[in-house]
Amino acid sequence: MRWAVLVGGTGSNLDAMLRANVPVSLVVSHRAEVPALGIAERYGVLAVVLDSKTIRNRERYDEALCKILDAHHIEAIALAGYMRWLTSETVAAYRGRIVNVHPSLLPAFPGMHALDQAYRHGVRWTGVTIHFVDEGQDTGPIIMQQPVPIPPGESQEALESKIHMAEHRLYPQVVWALERGWVHLGVDGRVIWDLSHKEVESWMRGLYLV
Ligand code: GRF
């Protein structure tokens, strides 16, 4: 599939995907001059800035976004630090082909500052979730999760670095699983694995998830 990665910040997940040879055809950033754009350039991937400051209206913004995606024949989308809420039209156009990474074990701590929320709450486990995107905020069907422990006394910086490491390992692997047709979104909105239980388990073992 032709993947677009939508970014808006440091681009470390984009970098992880490109390192894992995910077939990324296009990068779209909603902010100008972010490090993610430099990463796209370094890998020779076409990057477009669709600055959200220049199109304030959410519908108009997504219309422009979809035009760009169409023009580049994009078939699947990975959100990676894209701090905008997609319209229901965009979600419908790519349903089952848009994924997101969220730095918590959803449904706990959705929305902004998930890591900070988990840390302040004092949970002993948090983690990373990769999910299909639906109309809600971080509510889409969960594809895979990686738990991360928070031992007593751990600093927030140390936790942040563990979360990022988990994201960088898990996200490209899940995108590859989608790319290979190992997993998809069923018509009933449930995540369907097209692998036997044993194969999923052995794949997860490779990711140190079991
Ligand atoms: C990640 O922590 C991700 O979970 C969240 O936004 C951050 C993006 O980081 N959705 P990066 O731009 O990929 O470095």
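Residues numbered from 1 in each chain as written. Predicted model: local features only at pLDDT ≥ 70, side-chain atom pairs only at ≥ 80, totals over all residues. Heavy atoms only, no water.

**Q** Would you mind going over the site of the ligand with me for this structure?
**A** The environment of the ligand is formed by Thr10, Gly11, Ser12, Asn13, Gly81, Val101, Pro103, His164 and Glu167. Within the side chain of Thr10, one N or O atom sits 2.4 Å away from an oxygen atom of the ligand. Glu167 is positioned with one of its side-chain polar atoms (N or O) 2.3 Å from an oxygen atom of the ligand. Considering the ligand on its own, with 370 Å² of exposed area, one finds that the protein chains cover 84% of that surface. Taken atom by atom, the bulk of the ligand overlaps the largest pocket. Looking at the shell around the ligand, its residues break down into two nonpolar, six polar and one charged. (Near = heavy atom within 4 Å. Polar contact = N/O pair within 3.5 Å; in protein donor to acceptor, adjacent residues only side chain to side chain. Areas by Shrake-Rupley, 256 points an atom, 1.4 Å probe, with all protein chains shown as cover. 1 Å grid on protein atoms, 1.4 Å probe; cavity = no way out; pocket = protein on both sides within 12 Å on 5 of 7 lines; lining within 4 Å. Sits in = over half its atoms within 2 Å of the grid points. Nonpolar A, V, L, I, M, F, W, Y, C, P; charged D, E, K, R; others polar.)

**Q** Mind showing me how you'd approach the pairing of strand 6 (residues 125–132) here?
**A** Put simply, side chains in a regular strand alternate between the two faces of the sheet. Counting buried positions over the eight residues of strand 6 gives seven, a clear majority of the element. Alignment of strand 5 (residues 98–102) against strand 6, held across four bridges, turns out to be antiparallel. From the neighbouring strand, Val101 faces strand 6, where its bridge partner is Ile130. Bridge count for strand 6 against strand 7 (residues 142–149) is seven bridges, and the pairing is antiparallel. Bridge assignment links Ile130 to a residue of strand 7, and that residue is Met144. (Buried < 20%, exposed > 50% of the residue type's maximum accessible area, 1.4 Å probe, protein only. Helix = DSSP H or I, 4+ residues; strand = E, 2+ residues; numbered from the N terminus. Pairing = 2+ DSSP bridges.)

**Q** Help me understand the environment of Leu195 in this model?
**A** Note that Leu195 resides in the loop between strand 9 (191–193) and helix 7 (197–206). Here Leu195 falls in the buried class, since its relative accessible area comes to 18%. Remark: the alpha-carbon pair of Leu195 and Trp182, spanning 13 residues in sequence, is separated by 6.0 Å. Other than its neighbours up to four places away in sequence, Leu195 contacts Trp182 and Val200. (Contact = heavy atoms within 4.5 Å.)

**Q** Explanation requested: the domain arrangement of the protein in the structure shown.
**A** Size of an interface: often given as the accessible area lost when the parts come together. Partitioning the protein into domains gives domain 1 (1–94) and domain 2 (101–210). If you look at the interface, domain 1 gives 18 residues, while domain 2 gives 15 residues. Interface area for domain 1 against domain 2, summed over the two sides, is near 1500 Å², with a carbon-plus-sulfur share of 66%. Three residues stand out in domain 1 for area buried against domain 2, namely Asn13, Trp85 and Val91, and they jointly supply 30% of the buried area on that side. In this assembly, domain 1 and domain 2 are joined by zero salt bridges. Summed over the shared surface of domain 1 and domain 2, the result is eight residue pairs in polar contact (both at pLDDT 80 or more). Of all elements in the fold, only helix 1 (12–19), strand 4 (76–80) and helix 4 (88–93) reach the threshold of two or more residues within the side of domain 1 that touches domain 2. The leading source of residues in the side of domain 1 that touches domain 2 is helix 1, at four residues. (Domains from an automatic or database assignment. Buried area = accessible area lost by both parts, 1.4 Å probe. Salt bridge = Lys/Arg side-chain N within 4 Å of Asp/Glu carboxyl O.)

**Q** Any chance you could explain the environment of Pro110 here in plain terms?
**A** Residue position: Pro110 is located in the loop between strand 5 and helix 5 (114–121). For Pro110, the contacting residues outside a window of four places in its chain are His102, Gln117, Gln137 and Asp138.

**Q** Just to check I follow, could you spell out the layout of surface pockets for this structure?
**A** In this approach, a probe sized like a water molecule rolls over the atoms, and the result shows the empty space that is left. By volume, the largest pocket amounts to about 1000 Å³. What lines the largest pocket is a set of 38 residues, and nearest its centre among them are Gly81, Tyr82, Met83, Val101 and Pro103. Elements that contribute at least two residues to the lining of the largest pocket include exactly helix 1, strand 4, strand 5, helix 5 and helix 6 (156–179). With five residues, the single largest contributor to the lining of the largest pocket is helix 6. For the lining of the largest pocket, the residue count by class is 15 nonpolar, 16 polar and seven charged. Three or more residues apiece are contributed to the lining of the largest pocket by two domains, here domain 1 (1–94) and domain 2 (101–210). (Points joined across faces, edges and corners; volume = space filled by probe spheres on them.)

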